[in-house]
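# Architecture at a glance
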Amino acid sequence: MRASAWSDPVFRWLCMACAALCGLLMVAFFVQLAFASGEAWSRFGLNFFVSTEWDPVRHVYGALPAIAGTVCTTVIALVIALPLAFVSALFIVDAPPWLSRVLGQAVDLLAAIPSIIYGMWGLFVLVPLMDRLWVALGVDNAFGGIGLLTSSLILSLMILPYICAVMRDVLRMTPPMLRESAFGVGCTRWETARDILMRYGIRGLLGGIFIGLGRALGETMAVLFVAGNIMKVPTGLLDGCTTIAATLANNFAEAEGVQRSALFALGLILLVMAFVIQVLAQYYLRMTGAKRGEK
Amino acid sequence: MKQASLLSAAAAAALLLAGCGEQAATVTLNGAGASFPDPVYQAWTYIYSQANNTTVNYQSIGSGAGINQIKGGTVDFAGTDAPLSREEIAESKLTQFPMVTGAVTPIVNVAGVGPGQLKLSDEVLAKIFMGRITKWNDAAITALNPGLALPEQDILVVYRSDSSGTTNIFTEFLTDRDADWATTVGAGKSVKWPTGLGGQKNPGVCNNVQQNSGSIGYTEYTYAIESKLTTVQMRAADGSWVNPDSTKWPLVGTTYLLVRDDIPADKKAALQAYVSWCFSPDAAAKATELHYTPLTAAQARQSRFFLGALKDAFVK
C-alpha cells in the first residue's frame, strides 16, 4: 500500500481529534467552574455581581471590587500599550533591516520575561519611583506608589510585546504595491499608515489587541505585587485595588466551603468575560466588514 | 558500540544504587502545610535527615492546603496553625499535637521611633487596625508613650493579602482582647480589613512597611528580625511592658502537626522517632536560635488541642 493512501485520512483524523480536544477542554472548563461555583450562586445569586462585601469571617462574598479592578487595570493598560505598540510596529516594519531585526528581537524578548520578574521589578523599582513622583508633584497618595495606575503600567508593559509582534506581522503583510501607490499619489507616511496599512490589516490588528486584552485580563503575579490587594472598588488612579486573578491567587490555597465556591465563581466570571469579549470582537468585525470594503 | 557500553554502565550503576537503597532502608516522610513554622521545620528536617536514616521533607503550602492533603492521604503529616476541633479530628480520623510556638509582632515604620521604643496596648492596636486611630500623634498613643516624639502623620495599615496562619494568630488575639474588634472584624486566616493595604506573604508585608513611612503591619518575629524592622512593646499578662523576645510576650501562636490514624507501621515508627527528636533539647536549641519558643512534650500534652487516637504514641 502506498503511504499516501492511508497517511491523508490518518492525518485528517489526527487534526480533527486535536481540534476537538481544544473545544472539549473549553467546554470542560465552563462545566467544571459552573459546577464548583454552584454553592456561591445559590447563596448569593445575582447579588454576587454587585456586592462589594468580601468577608471571609462571616462568609459573605461579592465580586464587584475584583471585577472593577480587573476591568480598570485592563482598560488603562490597553490605552497605554496600544499607541506604543502600533508606532513601534510601524517603525520596526519601516526601519533598515538590521535595526528592524534587533528591535524586533528586543520586543520578542520582552514577551519572554516571566511575569513574576515584572512583579518584582514593579514592587522594588516602579513602586518607589511612583511614590517619589507623587511626593514630588505634591499629590496625596495614601498607598505610597502601589495601586491601580502602577498595576496598569506594569500590565501595559507586559502586553505591549504581544500586541506589537502581531501588528508587526500584519503590517508586513500589506502588499508593497498598495503602499507604493499611496506614496505615489502624494500621501504622507502618517496618511499611508492610517489609511492603507491600518485599513488593510484591521482584522489582524484587532486580533493583536485581543491577544493583549486576554493576557491583561488574566495576568496574576505582576498585579498581585503592586495592586495593594484591597477588596474595594477603586475610585481614583492612585487607589489600591485587586483583580479577579489576584484574588484567586491570594485566597485559593487556604479556601474552604463557601469561599472556595465564591473563588470558583470569580474564575467563571473571568472566563465568561474573556469569552464575551472574543465573541463581541468577532461580531463587530463581521458587522463592519462591509464598511471597510471587505466582501 | 560506544552507546551500548554507556547503556550497560548506566544499568549497572542503577542496580548498584538500588542495592544501596535496600541496605540502608531509608524512609522518606513527606509533610506539608503551615508557612508560619516553616523556617524552624526546614532547619529541623535538614538536621534530622542528615543524622538519621530518615528523610523528612516539609513544604510550606499553607495550613488549609496541608489539611486537605493529609485528609486526601497524599502526605504523611501536615502542619497547621489553626487547630482542628475535637469533632473534626474524630470525624476525619486524624491525630493532632502542638509542635512549637512562635511570636507574631507588630512592626512599624515611624520617623524617630527605634526598635522596642513604641508601646502599644491591645486596645490601641485594635483601634489602629480598625482605622479608628488614624494619626501617629493621636492622644491614645502619646498617652502610652510620654517620652516619645510622635509625628503628626497618617497611619498606613499593612496586612497579609493571602490567607495565612499569621493573620489567624493576630486576629484571634485582637478578637480575644477587644470586644469591638470581635464584633466588627472577627478572626480568621483572612478577614475583611476595614483599612490599609495588603502585602503578599510575610516578605510582602515587611517590604510594604519598610517602604512606607508611617506604616504599621504584623509579621512573624523571625521575619521582623531578618528584615531589621522596628518592633514594638506590648503589655504582658502581668501588666509589664515586654519586647517580642520575652517569654511573657502575649501575641504568640502555636502550630500543630496532623497525622493520619491509618499511617503505615514503618512510616509511623519513623515519624515517632522524628517527633520525639523535635521535643529534644537539641531541637529546642535550634528553635530558640530561630526565635521560636520550643515546647516540651509535657507542655504539648497539656494543650486543649492535643487530640486523636495516636496522640499518646507520638507525644510521650
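Values in this document were obtained by computation on a predicted structure and should not be read as measured data. (Residues numbered from 1 in each chain as written. Chains lettered and ligands numbered in written order. Predicted model: local features only at pLDDT ≥ 70, side-chain atom pairs only at ≥ 80, totals over all residues. Heavy atoms only, no water.)

What follows is about the domain arrangement of chain B. Residues and elements named next belong to chain B. Taken domain by domain, chain B holds domain 1 (9-102 + 253-304) and domain 2 (104-242). Here the C-alpha centre of domain 2 lies 32 Å away from the C-alpha centre of domain 1. Across the boundary between the two partners, domain 1 contributes 11 residues, which contact 12 residues of domain 2. Counting the surface domain 1 buries against domain 2, the share from its top three residues, Phe 36, Asp 81 and His 291, is 46%. The interface formed by domain 1 and domain 2 contains zero salt bridges. Tallied by class, residues from the side of domain 1 that touches domain 2 come to five nonpolar, five polar and one charged. (Domains from an automatic or database assignment. Contact = heavy atoms within 4.5 Å. Buried area = accessible area lost by both parts, 1.4 Å probe. Salt bridge = Lys/Arg side-chain N within 4 Å of Asp/Glu carboxyl O. Nonpolar A, V, L, I, M, F, W, Y, C, P; charged D, E, K, R; others polar.)

Bringing the environment of B:Pro83 into the picture now. All names here are of chain B. Summarising the element assignment, Pro 83 is placed in the loop between β3 (77-80) and α4 (86-91). The exposure class of Pro 83 is partly exposed, given its relative accessible area of 25%. Ignoring sequence-local partners within four residues, the contact set of Pro 83 consists of Gln 96, Tyr 256 and Phe 305. (Helix = DSSP H or I, 4+ residues; strand = E, 2+ residues; numbered from the N terminus. Buried < 20%, exposed > 50% of the residue type's maximum accessible area, 1.4 Å probe, protein only.)

The interface of chain A with chain B comprises 25 residues on the first partner and 32 residues on the second. With both chains or domains summed, chain A and chain B bury close to 2,100 Å², and 41% of this area falls on carbon and sulfur atoms. Looking only at chain A, the three residues that lose the most surface to chain B are A:Val57, A:Asn250 and A:Glu254, adding up to 26% of its buried area. A salt bridge links A:Glu53 to B:Lys192, with the shortest nitrogen-to-oxygen separation between them at 3.1 Å. Linking chain A with chain B are nine residue pairs in polar contact (both at pLDDT 80 or more). Element by element, the count of residues in the side of chain A that touches chain B is highest for helix α6 (residues 115-137) of chain A, at four residues. Counted by class, the side of chain A that touches chain B contains 13 nonpolar, six polar and six charged residues. (Polar contact = N/O pair within 3.5 Å; in protein donor to acceptor, adjacent residues only side chain to side chain.)

Residue and element names in this part refer to chain A. Taken as a whole and assessed by the stated rule, the structure comprises 24 aromatic pairs over all chains. Judged by centre distance (6.1 Å) and plane angle (20°), the rings of Phe 44 and Phe 48 are stacked. Judged by its relative accessible area of 15%, Phe 44 is buried. Residue Phe 48 is classed as buried on the basis of its relative accessible area of 0%. A centroid spacing of 5.4 Å and a plane angle of 90° characterise the contact between Phe 252 and Phe 264, whose relative ring orientation is edge-to-face. (Phe/Tyr/Trp six-rings, centres within 6.5 Å; stacked < 30°, edge-to-face > 60°.)

With that out of the way, let us pick up the pattern of salt bridges. Taken as a whole and judged by the stated rule, the model has 20 salt bridges over all chains. As a salt-bridge pair, B:Lys71 and B:Glu88 come within 3.0 Å of each other at their nearest N and O atoms. Separated by 17 residues along the polypeptide, B:Lys71 in helix α3 (residues 63-72) and B:Glu88 in helix α4 bring together distant segments of the chain. Classification of B:Lys71 by relative accessible area gives partly exposed; the value is 34%. Of the charged contacts in the structure, one is a salt bridge between B:Glu123 and B:Lys127, with a shortest N-O distance of 3.1 Å. Separated by four residues within a single helix, B:Glu123 and B:Lys127 lie in helix α5 (residues 122-130), roughly one turn from each other. Given the relative accessible area of 29%, B:Lys127 is considered partly exposed. Salt bridges sharing common partners tie together A:Asp94, A:Arg179 and A:Arg189.

Attention now goes to a nonpolar patch on the surface. Residue and element names in this part refer to chain A. A cluster of nonpolar residues, Ile 116, Ile 117, Met 120, Trp 121, Phe 124, Val 125, Leu 129 and Leu 157, forms a patch on the protein surface that exposes about 670 Å² of accessible area. The dominant element in the nonpolar patch, judged by the number of residues it contributes, is α6, at seven residues. Along the chain, Ile 116 turns up in helix α6. Under the relative-accessibility criterion, Ile 116 is labelled partly exposed at 34%. (Patch = residues over 30% accessible without salt bridge, like charges linked within 9 Å, V, L, I, M, F, W, Y side chains within 5 Å. Areas by Shrake-Rupley, 256 points an atom, 1.4 Å probe, with all protein chains shown as cover.)

Residue and element names in this part refer to chain A. In contact at an axis separation of 11 Å, helix α10 (residues 202-218) and helix α13 (residues 257-288) are set at 170° when each is read in the N-to-C sense. In terms of axis orientation, α10 runs roughly antiparallel to α13. Counted together, Arg 203, Leu 206, Phe 210, Leu 213, Leu 217 and Gly 218 of α10 and Leu 270, Met 273, Ala 274, Ile 277, Gln 278, Ala 281, Tyr 284 and Leu 285 of α13 form the full contact between these two elements. For the contact of α10 with α13, the residue count by class is 11 nonpolar, two polar and one charged. (Axes fitted to C-alpha atoms, helices over the stretch in contact; angles between N-to-C directions. Parallel < 35°, antiparallel > 145°, perpendicular 65-115°, else oblique.)

This part is about the pairing of β3(B). Residues and elements named next belong to chain B. The two faces of β3 match: Phe 77 and Gly 79 on one face and Ala 78 and Thr 80 on the other face are all buried. Two elements, β3 and strand β11 (residues 252-260), share four bridges in a ladder whose sense is antiparallel. Among the inter-strand pairings, Gly 79 is bridged to a residue of β11, identified as Leu 257. (Pairing = 2+ DSSP bridges.)

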